[in-house]
Amino acid sequence: MDSRQRYRAFISYSHRDRKTAAWLHRALETYRAPKQLRSEGGEALAGGLRPIFRDRDDLSAAADLSGAIREALDRSDALIVLCSPASAASRWVDQELAYFLATRGPGQVICVITPSTPLATPLDELLTPALRAALPVGVEPLAVDLRPGADGRRLARLKIAARLLRVSLDQLVQRDARRRLRLMSAFTALALAVTVGMGAMTVLTLQSRQIAREQRDETEALVAYMLGDLRQQLEPVGRLDVLDGVSAKVLAYYAKARDDRLDDKALAQRAKAQTLLGTIREQRGDLVGAEDAFGQAATTTRTLAERDPKDGQRIFDEAQNVFWLGYVQWRRGDVAGAERGFKQYDALARRLVQLDPRRAEWRVEVAYANNNLGTLLFEQGRPEEAAAAFRKALAVFEAERARAPKAKVNLVGAANSRAWLADCLVRLGRLREALAEREAVSALLAEAAAGARDDKRLLARSVAAESALLRLRFDLGEAIASRQAFEAATRRLNELAALDPSNARWREYQVISQMDAVDRIAWTGPAGLAKAKALHVAAAASLAKLRATGDANIWAPDLDGRMAMQAIVLAQCAGDQPTAKSLAEALLERLRILSDKREGEGDRSALRGFAQLAAGDPQAAISTLSPRRGSLSPAVMDTLARAYRMSGRRDEAAAIVEALGKGGYASPSFLAFWGDSLPGGVVSREAST
């Protein structure tokens, strides 16, 4: 016999309808069937409708979210679906319905139209594809309607209860009316009793205060659990909506209290919830909202740290928010704001180590600060200095790895420092050294992911690192050998992006993998060029969708700029020079506007030089790129060499090409352009073998 708990019903809903779902959950679980009520089959009905399953309340901290939901659906007698435009478009709601309908008929599904649904919307447009497919042609299910002027909440509750209890609605309505009359009589008698009892209440006041204080302590303990253990268990799952629900509940709790009535502990908990909200918004691409959340959290933690400057935990909390605020400002292109934040973060990290040098989590804060400094130097076109900062950070992480070799934070920290160091080495033309660092990054993250198989965020970073390694190998002439690995990485990124479509960072990884495929295929002949064009269209559509759901004002050289460059290259490969020139001129105009508005992130000189050359102005490209020769990647040095050649300065072009060849640079575009134009040209490693 199966002893596991069964549910009267499973409530399926879109995250946007969570308030209605919460009300319905409470309304059904608090409903009590009238005494002596019998079902249509004649059986006695005792008790109420408990339990009702609502995933965000009843789901445990299990790592396998989908498995837990499937199990709950298997153990539910009915499925209640909140019908709204949002739920009709929700992939999760449709999957829950499809799974339930696979073993039960549509008669076990109860449709409830949400109160916010427009009155003119027909029911058919509010159903998911799975439910529409399960219904006979031309048949609509009976629905409970919560919209104004329709059933209303009391009647809706009775309609659903009647369906779940398998009794007629008339029975419940009549018995409910009689019960309400009895309640009114009871309340009248109670009012008289309350009047008599007011004197006794004075005696109990002190006891009530003690009870309230104990209840508050219990609530605070629950909040600490939600922001601590529960968050740590939920983050690896990769569902931002679940984490969003945690932060929303905590912030809603604290919103009921005035700031001047919150003690330091409550203020710290509220700041943690705001930090969590900021990280969720950042991952969703809402950088403006993330900056606002981190800013509020930083204000609170700064106040708390000032009250007790020797409390290391308060300084640590402030440092986290200062970092996140600077990071979001960096991503939004506010380099000055990011620099101020990162310098403040570095000072806080050093204060922590001074307070207690024995704490490992504080020692690594100094490493993170060095990584931040290196990032700014890298963006300023100073790769040699940036590499030195990343090596300092790496030294700290490696020292911590020696103490705790399997600690995930040390593995990931070392991998991050090595990844940035690899980028610096690429800028310095030291591709073989960069390859060694990229291989180390891939190995570190693979090791960390193997030790935390349920951590989807870590898995995404591991796959993205593998893709970056493959891109570097591609530039070193290993295009054929890495083709299958490229395709495998792309499949894994697509699976992760499908797991949580709201995660903008995972979708960025997906877009980058699509653009990598364009580079890989464009140089494999006419058929490859046609396929590359189709892939580029798909990648552009993915990027447009990403921008539409995130911060539409962000313009990133490695995404938007690279997409524009690829369009120009594809036109050049097809021999369509007029189109290539037109696209190049459009890119130059976009860069000019961005420069005037001070928008976008990173150094855009590489893009500008490329576009100037493609527009037919090699001298402008030389003027843009030559002053930065010490910080240009091999691909951009290739652009400069082509500009020299078009300007008639063949010796300077040859010198660059020779240096790139000796450094191992052998991308297909480089070989296609220079292979026949210089004596003894450059050949790829695969061609030589």
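Residues numbered from 1 in each chain as written. Predicted model: local features only at pLDDT ≥ 70, side-chain atom pairs only at ≥ 80, totals over all residues. Heavy atoms only, no water.

### Focus: the nonpolar core
Of all hydrophobic cores here, the largest spans 57 residues; its most connected members are L472, L640, I656 and F670. Tallying contributions element by element places helix α12 (residues 312-331) first for this core, with nine residues. What L640 contacts, discounting residues up to four positions off in sequence, is I622, L625, S626, R629 and I656. Counting 28 residues, the second-largest nonpolar core is a separate cluster that includes Y13, A33, I52 and A78. (Core = buried A, V, L, I, M, F, W, Y, C linked by side-chain atoms within 4.5 Å. Buried < 20%, exposed > 50% of the residue type's maximum accessible area, 1.4 Å probe, protein only. Helix = DSSP H or I, 4+ residues; strand = E, 2+ residues; numbered from the N terminus. Contact = heavy atoms within 4.5 Å.)

### So, the sheet that holds strand β4 (residues 109-113)
Spatial strand order, β2-β1-β3-β4-β5: five strands in an open sheet with parallel pairing. For this open sheet the edge positions go to β2 (52-54) and β5 (143-145), each flanked by a neighbour on one side alone. For this sheet, the mean inter-axis angle between neighbouring strands, taken without regard to orientation, is 25°. The strands that helix α1 (residues 18-29) touches are β1 (9-12), β2 and β3 (79-83); relative to β2, the one it contacts most, it runs at about 165°. (Pairing = 2+ DSSP bridges. Axes fitted to C-alpha atoms, helices over the stretch in contact; angles between N-to-C directions.)

### Here's the deal with the packing of aromatic side chains
Summed over all chains, the structure comprises 13 aromatic pairs. Ring centres of W324 and Y327 lie 5.7 Å apart, and the angle between their planes is 85°; this geometry places the pair in the edge-to-face category. Here the residue W324 and the residue Y327 both occupy positions in helix α12, the gap between them amounting to three residues, near one helical turn. Seen in terms of ring centroids, Y665 and F670 are 5.1 Å apart; in terms of plane orientation they differ by 55°. Their pairing is tilted. Both residues of the pair, Y665 and F670, count as buried. Members of the aromatic cluster, each reached through a chain of ring pairs, are F294, F323, W324, Y327, F342 and Y345. In this structure, R91 packs its charged tip against the face of W92, placed 4.6 Å from the ring centre. Over the ring of F673 we find R642; its NZ or CZ atom is 4.3 Å from the centre of that ring. (Phe/Tyr/Trp six-rings, centres within 6.5 Å; stacked < 30°, edge-to-face > 60°. Lys NZ or Arg CZ within 6 Å of the ring centre and 35° of its normal.)

### As for the pairing of β1
Neither face of β1 is exposed, since A9 and I11 on one face and F10 and S12 on the opposite face are all buried. Relative to β2, β1 runs parallel, the two sharing three bridges. Paired with A9 across the two strands is I52, which belongs to β2. Bridge analysis of β1 against β3 gives three bridges, and the strand direction is parallel.

### Considerations on the pairing of β3
By the criterion of burial, β3 is predominantly enclosed, with five of the five residues buried. Sheet topology note: the β3/β4 ladder contains five bridges and is parallel. The partner of L82 across the bridge, within β4, is V112.

### Topic: the environment of A465
Mapped onto the elements of the fold, A465 is located in helix α18 (residues 456-475). Between the C-alpha atom of A465 and that of L445, which follows or precedes it by 20 residues, the distance is 7.8 Å. With sequence-adjacent residues up to four places away left out, A465 is seen in contact with V441 and L445.

### Considering the side chain of R104
Tracing the chain through its elements places R104 in the loop between α5 (91-101) and β4. Apart from residues no more than four positions distant in its own chain, R104 is found in contact with L73, D74, S76 and D77.

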